[in-house]
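As a plain string of letters, each chain reads:
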Amino acid sequence: MHYNPLSAVERQRPWYNRPLTWAFAILLCLIGLITSLASISLQKIETEILDDTLVKTEKLRLLDEMVHHSRQRSVLLRDLVLADDPFDQDEIIQKHSTLAGKYLAARTALAKSPLSSEEQTILDNIIETNSDGYELQQQIKELASTGHLDEAQRLIANELGPNREMIYPEMMNMRDILVSSSNVSVHSSAQLLSRYRNTL
């Protein structure tokens, strides 16, 4: 049997002085580094997806608030022209004004949100149409509170009604866009995360 003195010398070296040991240690460090970087990147992607989802959910919530408050204000105007008691009228007008403030707050917050060009165009149309509707509602409240109920009812039927028929489809159109965008984003994000996890 052939005796290799170098092998014997190699075996006698301390473990930290063996090239193979160092190579293996370096390989483990590289694997650990790559895994850590991949994990950090995955967490960053997940955070970005979560932030995007939260923004879209908040925009949808604000729009739904606008729709709700707008419809409630229309109902209150109908109740206003049917109310006989001045105290009831005052209470209805107060509720209507409170809802107007909530509507404006939701609309302002939505306008400050990051909007696509299509969403911005629709919101601009909503604001313009609602501006005309606001003036009509102020006239209706003034007429009803001063006893001109027939004229107030005429404005509701002939002018405010058509105005609401213009604004609600715009709101529903924007809602459909936000829902569709959220669904696409969630689906694409799920696919991206799945592919990324499979590479780890």
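None of these values were measured; they are calculated from a predicted model.

Visitor: What is the right way to read the nonpolar core from this model?
Guide: In globular proteins that are soluble, nonpolar side chains generally tend to be buried together. Membership of the largest hydrophobic core comes to 18 residues, with the highest contact counts inside it found for Leu63, Met66, Leu110, Ile126, Met171 and Met174. At the level of secondary structure, the elements contributing two or more residues to this core comprise helix H2 (19-82), helix H3 (86-112), helix H4 (117-145) and helix H5 (149-199). Looking at this core element by element, the count peaks at 6 residues for H5. Excluding anything up to four places from it in sequence, Ile126 contacts Met66, Tyr103, Ile167, Glu170, Met171 and Met174.

Visitor: When you look at the pattern of salt bridges in this model, what are you seeing that I'm missing?
Guide: Think of it this way: side chains of opposite charge can pair up when their charged atoms draw near. Under the defined criterion, the tally for this structure stands at 8 salt bridges. Between Asp79 and Arg78 there is a salt bridge, with its nearest N and O atoms 3.1 Å apart. Asp79 sits in the partly exposed class, given a relative accessible area of 27%. Residue Glu151 is joined to Arg154 by a salt bridge in which the shortest nitrogen-to-oxygen separation is 2.8 Å.

Visitor: So what exactly am I meant to see when it comes to a negative patch on the surface here?
Guide: The grouping of Asp84, Asp85, Asp88 and Asp90 at the surface amounts to a negative patch. Examined against the element boundaries, Asp85 turns out to sit in the loop between H2 and H3. The class of Asp85 is partly exposed, set by a relative accessible area of 32%.

Visitor: I tried to follow the environment of Leu149 on my own but got confused; where do I start?
Guide: Along the chain, Leu149 falls in helix H5. Relative accessible area serves as the criterion here: at 23%, Leu149 is assigned to the partly exposed category. Each C-alpha atom of the pair Leu149 and Ala83 lies 9.5 Å from the other, and the pair is 66 residues apart in sequence. Look past the residues within four positions of Leu149 in its chain and what remains in contact with it is Val81, Gln89, Leu143 and Ala144.

What counts and what doesn't
Residues numbered from 1 in each chain as written. Predicted model: local features only at pLDDT ≥ 70, side-chain atom pairs only at ≥ 80, totals over all residues. Heavy atoms only, no water. Core = buried A, V, L, I, M, F, W, Y, C linked by side-chain atoms within 4.5 Å. Buried < 20%, exposed > 50% of the residue type's maximum accessible area, 1.4 Å probe, protein only. Helix = DSSP H or I, 4+ residues; strand = E, 2+ residues; numbered from the N terminus. Contact = heavy atoms within 4.5 Å. Salt bridge = Lys/Arg side-chain N within 4 Å of Asp/Glu carboxyl O. Patch = residues over 30% accessible without salt bridge, like charges linked within 9 Å, V, L, I, M, F, W, Y side chains within 5 Å. Areas by Shrake-Rupley, 256 points an atom, 1.4 Å probe, with all protein chains shown as cover. Lys, Arg positive; Asp, Glu negative; His and termini not counted. Charge placed at Lys NZ, Arg CZ, Asp CG, Glu CD.

These figures come from the coordinates and say nothing about function on their own.
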